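Each chain is listed here by its residues.
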Amino acid sequence: MEHRVVSLRLPVPAQDVLLALFITVMQVQGTTVRNAGEVVQRPLTDLGNLGYVLLVVSGVVIAVRRRWPVPVFVTAAMASLVYYGLDFPDGPGWLGLFVALYSLAAYGDGRRSLVIAGVGTTVLAVCWLVAAADIEPRAAVGWVFFRIGASVMSAALGESVRSRQVIAAEAQQRAELAERTREEEARARVDAERLRIAREVHDTVAHAIAIINVQSGVTAHVLDKRPEVAREALRAIEQTSSRALREMRAVLGVLRDDDDDAGRAPYPGLGQIDELASKARQAGLDIKLQETSPETPLPSAVGSAAYRIVQESITNVMRHVGPTRVTVALQAGIEVLEIRVTDEGRRVAPGHDSADPRPPARHPSGTGGSAKPGRGIVGMRERCRLLGGELDAGPLAGGGFEVRARLPLTPTGSRL
C-alpha cells in the first residue's frame, strides 16, 4: 500500500503548476465573490482588465517558485504594489505573494534571500499603509496589518523549513562520513590482522626451516659414520616440523568460518621458551637461558611477542652465524618485560669448520661479512611498537650481536 501511494505522487514541477492554478483561481474567484454587489473605487475590469491581469500574474508565477525564487517574489511583490496602489478591490489577492515569500526563504540561498525578503516586506508594508491612508470604512485597515503579519510569518516559515533541510543534510553528511570512517577502520583492522598473520607465519616458518636446514645438513654429514646422531637429527626435524604445523594451524585458524576452537593450539608464549631453547641446542647452539619469573601472569600479547622476538633472534643466529654461544635473558619487572638475546659470533673463520655442513653465512650485524639487517629485525621492531615498546639491535664491541627489547606489561598498541 505504501509503495502504491509513493508511485501516485506527482513530480515536483507538476505539483507547483497545480498550486499556481489553484492560487490563480482562488485570487480571481475570491476577489470577485467578495466584492460582488458592492461599490468599489476601481473595478477589476478598469484599465483594460488590469486588476484581473495582476491577480493572474501573481498566481501563475508560482509555477516556477523553486527554480527562480527571487524573480518570483519580485514579480508577485510588484503585482501587489500596483494592484493596491491603484485601489483595486481587496480580497485574497495576496495568496500568491505569501507563497512567493515562503518559497524565497525556503529555497533561496540563506542570508541573501532573508535580506531580500526583509527589504521587500518593508517596502510592501509602507506602500500598503500609504495606499490605505484614506480607506473607508477605517475598520478595513485591519486587512493591511493582516497582510503585513502574514508576509512576516510566510518568510519565517520558509526560513524554518530551509534550516531544517540544512540540518538534515548536514546530519546525512555526518552519517555518511561516519559510515565511511567505520568502513576505513574495518579495512584497517583487516589489514592489521593480515599483517599479524603474515608475521606469525613468517616467524614460524623461518624458525622451523632454519632448524630443519641445520639438522638435515648434520644428517647428510654423519649419516654413514654416526647413524645414531643422524637418527637424532631426523627426530628433531620431525618434531620441529610437527610443532611448526601446529602453530600454523593456530595462526590460520582465525580464517575459518566455524566457531570450533577445539583443535586449535594456543599461541606460544614464555612458557614455550624452554622448548624453543631445547630445539636450538639440538641444532648446534649453546644456549644459556636466564629468566626471572613475573609476579603476575603476563598478558597473552606480551608473552606471544616475547616468544616471537626470541625465536626470530635465534633463527637469525642459526641462519647467519652457525653454532655459537647464545644468551637469552628475560627479566620481568613490575611494568616492563626486558628481553636480551646475545650471541658471540662465529667461533672460527668461515670455511674451516668441517663440522658445519652449511656454507658460510653472514650475520645481519656485519660479523663475518657486511650484510645489512633483513626483514627479521624490522618485524621484531614492529612487534614492539604495536605494544608500545622499543627494540634495539646491533653488533657488540667485542664481536657478536645483541637484540634488546622492552615490552610494557600493559600494551598500548593493537593486538598481535
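The structure reproduced in this document is the subject of the present report. (Residues numbered from 1 in each chain as written. Predicted model: local features only at pLDDT ≥ 70, side-chain atom pairs only at ≥ 80, totals over all residues. Heavy atoms only, no water.)

With respect to the pairing of strand β4 (residues 390-395)
Point 1. Of the strand pairs in this sheet, β4 and strand β5 (residues 401-408) are connected by six bridges, and their pairing is antiparallel. Within β5, the residue paired with Pro395 across the bridge is Phe401.
Point 2. Connecting β4 to the antiparallel partner β5 that follows it, the hairpin turn spans five residues, and Gly399 within it adopts a positive phi of roughly 105°. (Pairing = 2+ DSSP bridges. Helix = DSSP H or I, 4+ residues; strand = E, 2+ residues; numbered from the N terminus.)

Focus on a nonpolar patch on the surface
Point 1. Taken together, the side chains of Leu10, Val17, Leu18 and Leu21 make up a nonpolar region of the molecular surface, amounting to roughly 350 Å² of accessible area.
Point 2. Along the polypeptide, Leu10 turns up in the loop between α1 (2-7) and α2 (12-34). (Patch = residues over 30% accessible without salt bridge, like charges linked within 9 Å, V, L, I, M, F, W, Y side chains within 5 Å. Areas by Shrake-Rupley, 256 points an atom, 1.4 Å probe, with all protein chains shown as cover. Salt bridge = Lys/Arg side-chain N within 4 Å of Asp/Glu carboxyl O.)

Digging into the packing of aromatic side chains
Point 1. Inspection of every chain in the model, using the stated rule, returns eight aromatic pairs.
Point 2. Look at Trp143 and Phe146: their rings are 5.7 Å apart centre to centre, the planes differ by 85°, and that puts the pair in the edge-to-face class. Taken together, the residues Trp143 and Phe146, both in helix α7 (residues 142-222) and three residues apart, mark about one turn of the helix.
Point 3. One aromatic cluster in this structure is built from Tyr83, Tyr84, Phe88 and Trp128.
Point 4. Positioned above the aromatic ring of Tyr84 is the side chain of Arg147, whose terminal nitrogen or guanidinium carbon lies 3.9 Å from the ring centre. (Phe/Tyr/Trp six-rings, centres within 6.5 Å; stacked < 30°, edge-to-face > 60°. Lys NZ or Arg CZ within 6 Å of the ring centre and 35° of its normal.)

Things to note about the nonpolar core
Soluble globular proteins tend to bury their nonpolar side chains together.
Point 1. Membership of the largest hydrophobic core comes to 39 residues, with the highest contact counts inside it found for Ile309, Val310, Leu337, Ile339 and Leu407.
Point 2. Elements supplying a minimum of two residues to this core: α7, α9 (273-282), α10 (300-320), β2 (325-332), β3 (336-343), α11 (375-386) and β5.
Point 3. Broken down by element, the residue count for this core peaks at 10 residues, all from α10.
Point 4. Ile339 has contacts with Ala306, Ile309, Val310, Ala329, Leu330, Val403, Arg404, Ala405 and Leu407, leaving out every residue within four places of it along the chain.
Point 5. Core analysis: the next-biggest nonpolar cluster, separate from the first, contains 33 residues, Ile23, Phe88, Ala125 and Ala150 among them. (Core = buried A, V, L, I, M, F, W, Y, C linked by side-chain atoms within 4.5 Å. Buried < 20%, exposed > 50% of the residue type's maximum accessible area, 1.4 Å probe, protein only. Contact = heavy atoms within 4.5 Å.)

Some remarks on the sheet that holds strand β1 (residues 286-292)
Sheet strands pair by backbone hydrogen bonding; their relative direction is either parallel or antiparallel.
Point 1. In space, the five strands of this open sheet follow the order β1-β2-β3-β5-β4, with mixed pairing throughout. Every interior strand has two partners, whereas the edge strands, β1 and β4, have only one. Averaged over all pairs of adjacent strands, the angle between strand axes in this sheet comes to 10°, irrespective of strand direction.
Point 2. Looking at chain direction, β1 and β2 are connected through seven bridges and run parallel. The partner of Gln290 across the bridge, within β2, is Ala329.
Point 3. Taken strand by strand, α9 contacts β1 and β2, and its axis lies near 170° from that of β1. (Axes fitted to C-alpha atoms, helices over the stretch in contact; angles between N-to-C directions.)

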